[in-house]
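Geometric and topological summary
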Amino acid sequence: MRSSRFMPAAVLGLASVMLATTGGIATAQSGGWDAFEAGLKDKYAGKTLRLITINDPFVPAMIETNKLFTELTGAEVVVDGYGYDAVYEKEQLACQQQSNAYDVIVLDVPWTQAFDGCTEYLNARVEAGDPEVIAYDDYFKVMQEAVEWGGNIVGLPFAPYFVLQHYNTSYFDTLGLKPATNFAEWVANAEAANKSEALPDVYGTITNNQAGSAVGQAFFEFIYNVEGGKPFASMYPGCAPDCYADMTPLFSSPQGIATVELMKSILPFQPEGALNYAWTERQNYFNTGLIAFNNQWNVTTPSADDPEFSTIVGNVGTAPFPHDSADLVTQVGGWSMAINKFAVDPEMSWDYLQWFTSPQVNVEFAKLGGFPARESTLANEELNAQYPWYTTLKEVIPTAFADCRPRNNESFNIINTLGTYISKAVSGEMTTEEAMKAADLEIGTMLKEAGYNVTLP
Amino acid sequence: MTTRGGSRRVKPRRVLVWFLALLLAIISTAPIVWAALTSFKSFVQANAKPPMWVPDFYRWKNWIDQFAPGGEAVEPLINSLIVATSTMIVTMVVAIPAAYALARYGVRRKPDIQFWIISSRMMPLIAAIVPLSTMLVWLNLNDTLQGLVIVYVAFNLSFAVWLLTIFFSNVPIEIEEAARIDGVSRMGVLWHVTFPLARAGLVVIAIFTWIFSWNELLAAIVVTTGQTETLPVYLSGFASNNMTQYEKLAAVGVAQVIPAILIVFFAQRYIVAGMSMGAVSGE
Amino acid sequence: MQAANAQPASAAPAPGEVQQTLRQRILDGDLGGYVLIAPAIILLALLTVWPLIFSVGISLTNYNGLVKAPLEFVGLDNYVRAFNDPFFIGSLVTTAKVALVALPLQVMLAYVCARILQEAQGMIGSHLFRTLFIIPTMMSSLTIALFFRYSLDPVIGVGNEVLRFFRLPPLLFFADGQQALMTLIAVYLWQWVPFTSLLVLAGLLGIPRHIYEAADLDGSRWYHRVRYIDVPLLRRVLVIALILAIVEIIRLFDLVYGTTQGGPGTATYVVSIGIYRIGFQDFNTALAAATSLMVLVLTIFIAQVFVREMREERR
């Protein structure tokens, strides 16, 4: 599916103007970059590069950026977009069937080990590449960690996401609120904003509550920010390289239970459909002014300032996620691209990869509606003027933790199972203790059978 | 009881029945009407509280984006048409002779074959997809429309044969025997006699096979990629995990229903007649 | 009814006649039957037997799509594991709940709708009403699910607006542990009752009028008609409808996936959601195969019960 299904029209219009005026990619200083570009000129004329990706809001920007690649190399770039589960399934099946249908695939942060062996290891290529083009240390440190498994580089980051607090500045002003810095304030904000006298039609917030992966993911947003909280014995910020050394689940630890209780405590200040809400509602209803704030990946932050998708343009503020722990731990997610191990022309795939994720192109991509993957992009003045929420990104990126969600083969299993149990607790089907103990047992057993070091109760 | 002029009387009971039939039609179509209305809205309007009842009907943007030449939904739409029609044809071509054989010939172990045929439809699709897709990869048919047609025929064939057997069994044997006496060969009877008589039932199977293929999702996601994707796959892409655009989903969803509606409208008398052939007096 | 099942007179050669040519044997003799059925058998063998064999085979191994471990034979391990999975047992129960509530409702509503359509036949617009009525069955399940999720949103959905219009209290639909399953069943019925009604309607149209007239003369009431005429004569139709419905209920996936993902909690966690997670998220292909096969056996068993019902009637 070529997906301009998600046209932030304003951004595209702005982008075309920018492209026209700058006349392509800025080539300020680099000899290395010029040589690289020159080397690519018409190199792949008549060929097609097939890319499979998630249908996220950056896709139109990606398609626009790809046009530059086509101009440069002559290769047509075909982008197939799918929903989250579908893209995971298709990529996995393609790998298992050793298919060469796609040249470049995308990986979410938790998918790293699952695709280890499906993509070409990039270590040698990164070493041998032009430092101006690769600039490996320019990638966000946390993403460098996220794309690695067992010492092998599995892909290169191009659109990482971080969980931010978004709040409606006009509502907050009316209600005299400030973005929360700890969980007590967070819940208090929700209560104050929920059907208040000043704003009776506005609700507090929406969090991911839907059973399964939605609420499972949310758990990992909170757990490290509860003092001393960690999901597994060996998984906490700074655990590298032994994050998976002891996978004894700690969901029924006091912190784990406190986390679920926290999630329960903010339910009353959400719209009535809260138990079934997930990412879509979390953002859609913020954009239409139904809720006062949310916690959400920055992937949809630009949409809140787009008049086609939002009624609150100009009233969007961002802030770091609240935390009770001494240090904030921000959840990281988002996308890297990788070379399909069975691709017909790995050289073309590699050229595309290094071109797209290069500092120069990452800036273009971000201008057109994409996201920064590099420090240099984050520091870019034009982009900071275009996206005021970069300030918050700068605050939170250093606090991000690559393994905040497990990145191993069992990642989906863990998050889904945990999510089902949390949903049982949150909806009242079981008590929190029962649910978390059951989660500990089931996930622990599963991990033990998979060969991890686990101490079962 | 009201009396109109002359001997015509309108019974209240008949009026009631008419209204009930209308009510049924309304209940069935209300969500689709709502979808049609939604398809004229913008994102903001679609998410409005309270819901916007009457959209701006000049706002064809969602429809144009999707279906104008070069629109994104055009290729999936065409793919779906090709796949559905091909599946229907292949299924019928294979199922009709087989059903006739089961109905008329003393094929050995008939009841076993019949039951095996039904039960193969019960296999959870999810489990069958992986081996089927692997087989397609071996045959180099992955990511082709032909490959998808093969998968769909697999899922419909058993059901088609089962139902067609029942329909054929219902054609009175005397007519066939009369034809045999006139010198028509045993197989010729199938072509000249039974086939026309069982037409209604055949139309039913054809229609339901077509509709199954038109709507099927999971196999299509697995087997197809960008250029070969069908309309349901395209629709599923709207459920992106971050911001679902229901107004666009509505436009494409309504478009997906239209061919089915047209087919049903014109083939209606066949459908009910066909079902009645098999249903009451079948095996 | 007897005649319809008889075989046509055989064309076997009389003693002393020359043996028929192959062509004659195919066109006129029994061999034709095998020729006619061959393409179907071949296709079915390839396309349904192969997945079955594959699934059985792989369910006895430790094959996991993600963990590239050496392939080992593990016997019935996966089957045991499937049973020990608390979600699996729960999902069977949930699916059973759906079946127990939805099946009777589906059949009863189908009968009522069929009677309405039958009586309305010939009236102005009845052709149109019938067409419109069947539309839900013609729609793709995931689209239905996504759209109902949107329309039944307790806050911005049109569902509660309609309830408000009729002065009824707003509902939570999918956002409540108790209501979610009922809402799911309601959507399922919306989608499938039309199809079942058509089946029943077809059956009703086949009942000769004179039976009803005779009953009327005897002074019977409407419930006598239902109990003593319609139900017995519709038995075959009803069994077919039930078999198709039970298969559909056990296969139920898109409706759940698009609305609640099995939640809240495990309120709508049906069998196919579990299999999907095991097979396409954990990629534990062997376990998914084992679970699917168990579900298949269960489905066949249930269907067999119904089929036997149907066969018994033909005395």
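Here the structure is a predicted model, which means the values were calculated and not measured. (Residues numbered from 1 in each chain as written. Chains lettered and ligands numbered in written order. Predicted model: local features only at pLDDT ≥ 70, side-chain atom pairs only at ≥ 80, totals over all residues. Heavy atoms only, no water.)

Take the overall build of chain A next. Regarding its fold elements, chain A presents 20 helices and 11 strands. Scaling as 2.2 N^0.38, a compact globule of 457 residues should have a C-alpha radius of gyration of about 23 Å, and chain A matches this with 22 Å. Within chain A, the fraction of its 457 residues that count as buried is 68%. Nonlocal contacts in chain A, meaning residues at least 24 apart in sequence, comprise 75% of its contacts between residues at least 6 apart. If you sum the accessible surface of chain A, you get close to 14300 Å²; carbon and sulfur atoms cover 54% of it. (Helix = DSSP H or I, 4+ residues; strand = E, 2+ residues; numbered from the N terminus. Rg over C-alpha atoms; globule rule 2.2 N^0.38 Å. Buried < 20%, exposed > 50% of the residue type's maximum accessible area, 1.4 Å probe, protein only. Contact = heavy atoms within 4.5 Å. Areas by Shrake-Rupley, 256 points an atom, 1.4 Å probe, with all protein chains shown as cover.)

Taking 1.5 Å of rise per residue, the 17 residues of helix H10 (residues 199-215) of chain B would be expected to cover 24 Å, and the 24 Å separating its terminal C-alpha atoms lies within 8% of that figure. For H10 of chain B, a buried count of 15 out of 17 residues is recorded, marking the element as mostly surrounded by other parts of the structure. (Expected span 1.5 Å × (residues − 1).)

Okay, the environment of Gln 45 of chain B next. Residues and elements named next belong to chain B. Assignment of secondary structure puts Gln 45 in helix H2 (residues 43-46). Not counting residues within four places of it along the chain, the set of residues in contact with Gln 45 comprises Phe 40, Met 52 and Arg 59. One polar contact links the side chain of Gln 45 to the main-chain amide nitrogen of Ser 42, over a distance of 2.9 Å. (Polar contact = N/O pair within 3.5 Å; in protein donor to acceptor, adjacent residues only side chain to side chain.)

Residue and element names in this part refer to chain A. Here strand E10 (residues 330-339) lies mainly inside the structure; 10 of its 10 residues are buried. Relative to E10, strand E3 (residues 104-108) is paired through five bridges, and the arrangement is antiparallel. When the sheet's bridge partners are listed, Val 106 is paired in E10 with Met 337. Where strand E6 (residues 156-168) meets E10, six bridges bridge the pair, whose relative direction is antiparallel. (Pairing = 2+ DSSP bridges.)

The next thing to look at is the interface of chain C and chain A. How big an interface is tends to be stated in terms of the accessible area lost upon association of its parts. On the side of chain A, 37 residues touch chain C, which itself brings 32 residues to the contact. Together chain C and chain A conceal approximately 2800 Å² of surface at their shared face, both sides included; 50% is due to carbon and sulfur atoms. Of all residues in chain C, Leu 66, Phe 87 and Gln 281 of chain C bury the most surface against chain A, accounting for 19% of the area lost on that side. Two residues, Glu 281 of chain A and Arg 149 of chain C, come together in a salt bridge whose shortest N-O distance is 2.9 Å. Where chain C packs against chain A, one counts 16 residue pairs in polar contact (both at pLDDT 80 or more). Breaking the side of chain C that touches chain A down by element, the ones donating at least two residues are helix H5 (86-120), helix H13 (254-259) and helix H14 (271-281) of chain C. A per-element tally of the side of chain C that touches chain A places H14 of chain C first, with four residues. Partitioning the side of chain C that touches chain A into residue classes produces 17 nonpolar, eight polar and seven charged. (Buried area = accessible area lost by both parts, 1.4 Å probe. Salt bridge = Lys/Arg side-chain N within 4 Å of Asp/Glu carboxyl O. Nonpolar A, V, L, I, M, F, W, Y, C, P; charged D, E, K, R; others polar.)

Here the focus is the environment of Ser 310 of chain A. Checked against the element boundaries, Ser 310 of chain A lands in the loop between helix H13 (301-304) and strand E9 (316-319). Classification of Ser 310 of chain A as buried rests on a relative accessible area of 5%. Taking C-alpha positions, Ser 310 of chain A is 31 Å from Ile 105 of chain A, a pair spaced 205 residues apart along the chain. Apart from the residues lying within four places of it in its own chain, the contact partners of Ser 310 of chain A are Asn 287, Ser 303 and Ala 304 of chain A together with Val 44 of chain B. At 2.7 Å, the side chain of Ser 310 of chain A and the backbone oxygen of Ala 304 of chain A are in polar contact. For Ser 310 of chain A, the side chain forms a polar contact with the main-chain nitrogen of Ile 312 of chain A, separated by 2.9 Å.

The full count for this structure, using the stated rule, is 69 aromatic pairs over all chains. Through a chain of ring-to-ring contacts, three or more aromatic side chains come together here, namely Tyr 84, Tyr 88, Trp 111, Phe 115, Trp 335 and Phe 412 of chain A together with Phe 253, Tyr 257, Tyr 276, Phe 280 and Phe 283 of chain C. Seen from the ring of Tyr 139 of chain A, Arg 374 of chain A lies directly overhead, with NZ or CZ sitting 4.0 Å from the centre. (Phe/Tyr/Trp six-rings, centres within 6.5 Å; stacked < 30°, edge-to-face > 60°. Lys NZ or Arg CZ within 6 Å of the ring centre and 35° of its normal.)

Summed over the entire model, instances satisfying the criterion amount to 23 salt bridges over all chains. The partner of Arg 50 of chain A in a salt bridge is Asp 143 of chain B, with the nearest N and O atoms 3.9 Å apart. With Arg 50 of chain A in strand E1 (residues 48-54) and Asp 143 of chain B in the loop between helix H6 (125-138) and helix H7 (145-170), this pair bridges two chains. Asp 143 of chain B gets classed as buried once you look at its relative accessible area, which sits at 19%.

This paragraph deals with unusual backbone geometry. With omega at -5°, the peptide bond leading from Lys 49 of chain B into Pro 50 of chain B counts as cis. Mapped onto the secondary structure, Pro 50 of chain B falls in the loop between H2 and helix H3 (61-67). Of the consecutive residues Gly 263 of chain C and Pro 264 of chain C, the connecting peptide bond is found in the cis state with omega at -10°. Relative to the assigned elements, Pro 264 of chain C resides in the loop between H13 and H14. A positive phi angle, near 55°, is found at Gln 98 of chain A, a position not held by glycine. A residue is classified by how much of its surface remains accessible, and Gln 98 of chain A, at 54% relative accessible area, is exposed. Its identity is not glycine, yet Ala 135 of chain A carries a phi of approximately 40°, on the positive side. Relative to the assigned elements, Ala 135 of chain A resides in the loop between helix H6 (131-134) and helix H7 (141-146).

Right, let's talk about the nonpolar core for a bit. In terms of nonpolar packing, the biggest core is built from 352 residues, with Phe 58, Met 62, Phe 158, Trp 335, Tyr 352 and Trp 355 of chain A together with Phe 168 of chain B touching the most fellow members. The element best represented in this core is H7 of chain B, accounting for 18 residues. Excluding its chain neighbours within four sequence positions, the residues that come into contact with Phe 168 of chain B are Ile 96, Ala 99, Tyr 100, Ala 103, Arg 104, Leu 190, Thr 194, Ala 198 and Leu 202 of chain B. (Core = buried A, V, L, I, M, F, W, Y, C linked by side-chain atoms within 4.5 Å.)

On to the domain arrangement of chain A. Residues and elements named next belong to chain A. If you check the domain split of chain A, you get domain 1 (9-160 + 333-391) and domain 2 (162-331 + 404-449). The centre of domain 1, based on its C-alpha atoms, is set 29 Å off from the matching centre of domain 2. In this assembly, domain 1 packs against domain 2 so that about 1900 Å² is buried in total across both faces, 62% of it on carbon and sulfur atoms. Remark: the boundary between domain 1 and domain 2 carries zero salt bridges. One can count six residue pairs in polar contact (both at pLDDT 80 or more) joining domain 1 with domain 2. (Domains from an automatic or database assignment.)

Next up on the list: the state of the cysteines. In protein chemistry, a disulfide is the covalent bond that joins the sulfur atoms of two cysteines. All names here are of chain A. Applying the stated criterion across every chain, the model contains two disulfides over all chains. Disulfide pairing places Cys 95 opposite Cys 118 at an S-S distance of 1.9 Å. Across the S-S bond linking Cys 95 and Cys 118, the dihedral sits near -80°, which makes this disulfide left-handed. Taken as a pair, Cys 95 in helix H4 (residues 84-96) and Cys 118 in the loop between E3 and helix H5 (123-128) lie far apart in primary sequence, 23 residues in all. (Disulfide = S-S within 2.5 Å.)

Our next topic: the pairing of strand E2 (residues 76-82) of chain A. Residue and element names in this part refer to chain A. The element E2 is largely enclosed, with a buried count of six among its seven residues. With seven bridges connecting them, E1 and E2 associate as parallel partners. In the strand pairing of E2, Arg 50 is matched with Val 78. Crossover handedness for the path E1 to helix H3 (residues 59-73) to E2: right-handed. (Right-handed = clockwise from strand over helix to strand, strands pointing away.)

Take the packing of helix H10 (residues 213-222) of chain A against helix H19 (residues 411-426) of chain A next. Residue and element names in this part refer to chain A. Packing of H10 against H19 brings their axes to within 7 Å, and their N-to-C directions diverge by 95°. Considering the angle they form, H10 stands roughly perpendicular to H19. Of the residues in H19, those touching H10 at Ser 213, Val 215, Gly 216, Gln 217, Phe 219 and Phe 220 are Ile 414, Ile 415, Asn 416, Leu 418, Gly 419, Ile 422 and Ser 423. Tallied by class, the residues present in the contact of H10 with H19 amount to seven nonpolar, six polar and no charged. (Axes fitted to C-alpha atoms, helices over the stretch in contact; angles between N-to-C directions. Parallel < 35°, antiparallel > 145°, perpendicular 65-115°, else oblique.)

Residue and element names in this part refer to chain A. Tracing the backbone through its elements, the reader meets Val 154 in the loop between strand E5 (152-153) and E6. Counting along the chain gives 42 residues from Val 154 to Thr 112, while the straight-line C-alpha distance between them is 7.1 Å. Contacts of Val 154, omitting those with residues within four sequence positions, involve Leu 107, Thr 112, Phe 115, Thr 119, Glu 120, Leu 122, Val 147, Trp 149 and Ala 338.

Before going further, it helps to spend a moment on a nonpolar patch on the surface. Residues Trp 53, Val 54 and Phe 57 of chain B together with Val 162, Phe 165, Phe 166 and Leu 168 of chain C make up a contiguous nonpolar surface patch of roughly 760 Å² in combined accessible area. Of note, Phe 57 of chain B is situated in the loop between H2 and H3. (Patch = residues over 30% accessible without salt bridge, like charges linked within 9 Å, V, L, I, M, F, W, Y side chains within 5 Å.)

Before going further, it helps to examine the confidence of the model for chain C. Per-residue pLDDT for chain C averages 83, and the proportion of residues at 70 or more is 88%. Note on the complex model: pTM 0.88, ipTM 0.88. (pLDDT = per-residue confidence, 0-100.)

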